[in-house]
Amino acid sequence: RQAVEVGTLPITPFKSMREAVETVCSESGVLPGFAVAVNAEKVISARDDVAIRENLLLGTILYADGISVVKTIKKKGVDNVRIPGCELWLELMKKAAQTGKQVYLLGASEETNKLTASKLSDSFGLNNLTRRNGYFDDEQDVIADILRLKPDIVTVALGSPKQELLITKLREVHPDAFYMGVGGSYDVFVG
Ligand code: UDP
């Protein structure tokens, strides 16, 4: 799908959640790179601050996680729907289980992280998963995990901009994976 300019950002429009998930993960593999959720706030800060814009452009794929972004794309004559980051993450975990992908689940408290892993196993049968909570002392331990495991999908819940900065480093050592920053998604998932 051809990206559409919203403010100063190229956003990939999706007609459905299913299309978004298929784009990043399918039987044939994963999209190597990093997905960034864009809402109105990010569109505005990217326009006002070149450093923020450049940071967002590190994403391989920028998607519309905000109704005003969806509307702007529609006004340009392109049909699309909102892709909430939290839902994309959940659908991706389901798809990962169905297609036998290896997942690395990073971030949040030990309790939340552990519960998230067990709930993903119970709900979707996702068992090819390694996890680490978001309160590690040394980033090098995470980098070592990634180099050893070479996971297909890495989801990172550390809050912004911490998660984006770490993803940039992880991509350097293992560029083949699909990375996603998920903020508070695990906390929402485990309730
Ligand atoms: N977190 C973490 N390590 C840190 C800081 C935060 O694992 O050093 C986790 C925190 O436990 C929470 C998530 O990162 O699960 C941040 O969620 P928040 O809602 O603040 O992120 P946002 O969606 O606002 O970016």
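Residues numbered from 1 in each chain as written. Predicted model: local features only at pLDDT ≥ 70, side-chain atom pairs only at ≥ 80, totals over all residues.

*Asks:* I'd like a description of the confidence of the model for the protein chain, backed by residues and values.
*Replies:* Model confidence for the protein chain is summarised by a mean pLDDT of 97, while 100% of its residues fall at 70 or above. Per the prediction output, this complex has pTM 0.95; the corresponding ipTM is 0.94. (pLDDT = per-residue confidence, 0-100.)

*Asks:* Outline helix α7 (residues 139-149), listing residues and values.
*Replies:* Where α7 is concerned, the buried positions are Val142, Asp145 and Ile146. One side of α7 carries all its buried residues, which in axial view fall inside an arc of 95°. In α7, the exposed positions that point more than 90 degrees away from the buried face belong to Gln140, Asp141, Ala144, Leu147 and Arg148. Tucked inside the fold, the buried residues of α7 contact β7 (103-107), β8 (129-132), β9 (153-157) and α8 (162-173). Once α7 finishes, Lys150 follows within two positions and takes phi at roughly 45°, a positive value. (Buried ≥ 20, exposed ≤ 12 C-beta atoms within 10 Å, placed from the backbone. Helix = DSSP H or I, 4+ residues; strand = E, 2+ residues; numbered from the N terminus. Arc of directions from axis to C-beta. Contact = placed C-beta atoms within 7 Å.)

*Asks:* Outline the packing of α7 against α8, supporting the account with residue identities and numerical values.
*Replies:* Between α7 and α8, whose axes approach to 10 Å, the crossing angle comes to 40°. Taken together, the axes of α7 and α8 lie oblique to each other. Here α7 runs over α8; the crossing is right-handed. Counting all contacts with α7, which are made through Glu139, Ile143, Ile146 and Leu147, the residues of α8 involved are Leu166, Lys169, Leu170 and Val173. Here the contact of α7 with α8 is built from residues that sort into six nonpolar, no polar and two charged. (Axes fitted to C-alpha atoms, helices over the stretch in contact; angles between N-to-C directions. Parallel < 35°, antiparallel > 145°, perpendicular 65-115°, else oblique. Left-handed = near helix turned anticlockwise from the far one by under 90°. Nonpolar A, V, L, I, M, F, W, Y, C, P; charged D, E, K, R; others polar.)

*Asks:* How would you summarise the sheet that holds strand β5 (residues 33-38) if you had to cite specific residues and measurements?
*Replies:* The six strands are arranged β6-β5-β10-β9-β7-β8 in an open sheet whose pairing can be described as parallel. Only two strands of the sheet have a single neighbouring strand rather than two, namely β6 (61-64) and β8. Between one strand axis and the next, the sheet turns by 20° as a mean value, whatever way the strands run. (Pairing = 2+ DSSP bridges.)

*Asks:* Residue-level account of the nonpolar core, with values.
*Replies:* By size, the foremost hydrophobic cluster in this structure holds 57 residues, and its most contacted members are Ile11, Val38 and Tyr63. Broken down by element, the residue count for this core peaks at six residues, all from helix α5 (residues 85-98). Those residues in contact with Val38 that lie beyond four places of it in its chain are Leu9, Ile11, Val43, Leu62, Tyr63, Ala64, Asp65, Gly66 and Val69. (Core = buried A, V, L, I, M, F, W, Y, C linked by C-beta atoms within 7 Å.)

*Asks:* Mind laying out the packing of helix α1 (residues 17-24) against α5, listing which residues take part and the relevant values?
*Replies:* Where α1 meets α5, the closest approach of the two axes is 10 Å, and the angle between their N-to-C directions is 60°. The angle between α1 and α5 places the two elements in the oblique class. Considering how the two elements wind past one another, α1 and α5 form a crossing that is right-handed. In this structure, α1 uses Met17, Ala20, Val21 and Val24 to contact α5, whose residues at the interface are Glu87, Leu88, Glu91, Leu92 and Lys95.

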